[in-house]
Amino acid sequence: MIGWRRLGAWLAASLAAATGTHASAADLPGIDLARERAAIEAFQTLDQHLQDIGWKFVRGNASFCSDVVPSVGLQLQDAASYGRSDIARAALGLTGDFAVQTAAAGSPAALTGAFARNREVSAVGALDPNGWEAGESMHWERLARLHDFIDQRLARAEPLAITFADGTRAQVAPVPVCASRFELMNDSDRALADGRRVVIGAGFPGFTYPEPLLAAAIAHELAHNLLRHTAWLDREGRKRRHVRLTEREADRLMPWLMANAGYDPSEAQRFMRRWGKAHDGGVFRKRTHDGWDERAKLIAAEIPLIERAIAAEGRADWSRHFRREIDPAGSREVARRN
């Protein structure tokens, strides 16, 4: 659940405009570093909120996901991914390039207490990523490479060892989670899923909602990934009726995911009513989507099923009790709704 492309795009304009292209940290008189740090931390606060909610979902539903991976709930950042790495380093007080971005609340990384935001990282295992070559501006590839390295280590069921710039070291063991990452993007007000990631724009209106309603929006996008809708649509074609079926499934799975993440599943219906009344005529009123009122009814119909499953088994096992409307195995025939 590591996102890694978004910080540079958000700060590129302000950092690049602040001074010349190749200035070092020693050549930054007149740069308001407090303002730059505040801009970074404002973005990180939104990202932390997203990662905290995302962790609840992928950890709480891990028993029911078909694709599970080990994770510690940690995101790092790389100064090279900013528009101006020298200003980013100076604003954050870094001597190198790598530092903690977020540790999702309740994750193994957060529970160690060692992974404070912007704490500088000098090594992952025996690897010092600061030695890797980076581009001049907004170079996200190096951070992606480091997170891939971390994923490979965790896939071998090895504890993750992080050395900080002050010489102290933290070691953290992974736990299984549903295989989906969460990524915050600056230049967007949308929410979407691409099969591997849930991508939420920093301008997404749901960030102004109470947490359970924002969580419902995230659950909808996560449902697309867990139900493998992107792969199915790629294979079967993005006809309107196909997209509508995937949207209905994602709506109906929302309350199941929320129940296992510790939220009241009825908040999914409340989200649809609030969102639909404000945004009907936009994304939720396309011909690929039912009207918000019908969507709310479909969500509500799942609540009794969830309650019965929890009463009988102590959990909302959607892997057994959720009724699919498409054949995820690859049949070109769309299953008839019951």
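Look a little higher up for the structure.
Peer 1: Kindly report on the overall build of the protein, identifying the contributing residues and their values.
Peer 2: Secondary structure summary: the protein contains eleven helices and ten strands in total. When burial is assessed residue by residue, the protein has 52% of its 338 residues classed as buried. The long-range fraction of contacts in the protein, counting pairs at least 24 apart against all pairs at least 6 apart in sequence, stands at 70%. Counting every atom, the protein has about 14,600 Å² of accessible surface; 49% of that belongs to carbon and sulfur.

Peer 1: Give a description of the state of the cysteines that names residues and reports values.
Peer 2: If you walk through the whole model with that rule in mind, you get one disulfide. At a sulfur-sulfur separation of 2.0 Å, the disulfide partner of Cys-65 is Cys-178. One quick way to see it: the torsion about the S-S bond of Cys-65 and Cys-178 is about 80 degrees, and its sign makes the bridge right-handed. Pair noted here: Cys-65 is in the loop between helix H2 (33-60) and strand S1 (68-71) and Cys-178 is in strand S7 (residues 175-178), with a separation of 113 residues, a long-range link. Neither residue differs from the other here; Cys-65 and Cys-178 are each classed as buried.

Peer 1: Tell me what's going on with the environment of Asp-251, and back it up with residues and numbers.
Peer 2: Checked against the element boundaries, Asp-251 lands in helix H8 (residues 240-260). Each C-alpha atom, one on Asp-251 and one on Glu-221, is 9.1 Å from the other, the two residues being 30 residues apart in sequence. Once you skip the residues sitting within four places of it in the chain, Asp-251 turns out to touch His-220, Met-272, Arg-295 and Ile-299. A distance of 2.9 Å separates a polar atom in the side chain of Asp-251 from a polar atom in the side chain of His-220.

Peer 1: Help me get a handle on the pattern of salt bridges, residues and values and all.
Peer 2: All chains considered together, the criterion is met by 27 salt bridges. Of the charged contacts in the structure, one is a salt bridge between Arg-244 and Asp-290, with a shortest N-O distance of 2.8 Å. Of the two residues, Arg-244 is situated in helix H8 and Asp-290 in the loop between helix H9 (267-279) and helix H10 (292-313); the sequence distance between them amounts to 46 residues. Judged by relative accessible area, Asp-290 falls into the buried class, the value being 4%. Between Arg-315 and Asp-317 there is a salt bridge, with the nearest N and O atoms lying 3.9 Å from each other. Arg-315 sits in the partly exposed class, given a relative accessible area of 38%.

Peer 1: Give a detailed account of the sheet that holds strand S6 (residues 169-172), specifying residues and quantitative values.
Peer 2: If you trace the three strands from one edge of the open sheet to the other, you get S4-S5-S6, paired in antiparallel fashion. Where the open sheet ends on each side, the last strands, each with one partner, are strand S4 (121-124) and S6. Shown here is a sheet whose adjacent strand axes are inclined to one another by a mean of 20 degrees, direction ignored. Relative to S6, strand S5 (residues 160-164) runs antiparallel, the two being bridged by four bridges. When the bridges of S6 are listed, Ala-161 appears paired with Gln-171.

Peer 1: Hey, could you go over the environment of Arg-59 for me, with residue numbers and the actual values?
Peer 2: Structurally, Arg-59 can be placed in helix H2. With a relative accessible area of 36%, Arg-59 lands in the partly exposed category. When the C-alpha positions of Arg-59 and Ala-261 are compared, they lie 7.6 Å apart, and in sequence the two are 202 residues distant. Those residues in contact with Arg-59, other than ones at most four positions away along the chain, are Val-175, Pro-176 and Val-177.

Parameters and conventions
- Residues numbered from 1 in each chain as written.
- Predicted model: local features only at pLDDT ≥ 70, side-chain atom pairs only at ≥ 80, totals over all residues.
- Heavy atoms only, no water.
- Helix = DSSP H or I, 4+ residues; strand = E, 2+ residues; numbered from the N terminus.
- Buried < 20%, exposed > 50% of the residue type's maximum accessible area, 1.4 Å probe, protein only.
- Contact = heavy atoms within 4.5 Å.
- Areas by Shrake-Rupley, 256 points an atom, 1.4 Å probe, with all protein chains shown as cover.
- Disulfide = S-S within 2.5 Å.
- Polar contact = N/O pair within 3.5 Å; in protein donor to acceptor, adjacent residues only side chain to side chain.
- Salt bridge = Lys/Arg side-chain N within 4 Å of Asp/Glu carboxyl O.
- Pairing = 2+ DSSP bridges.
- Axes fitted to C-alpha atoms, helices over the stretch in contact; angles between N-to-C directions.

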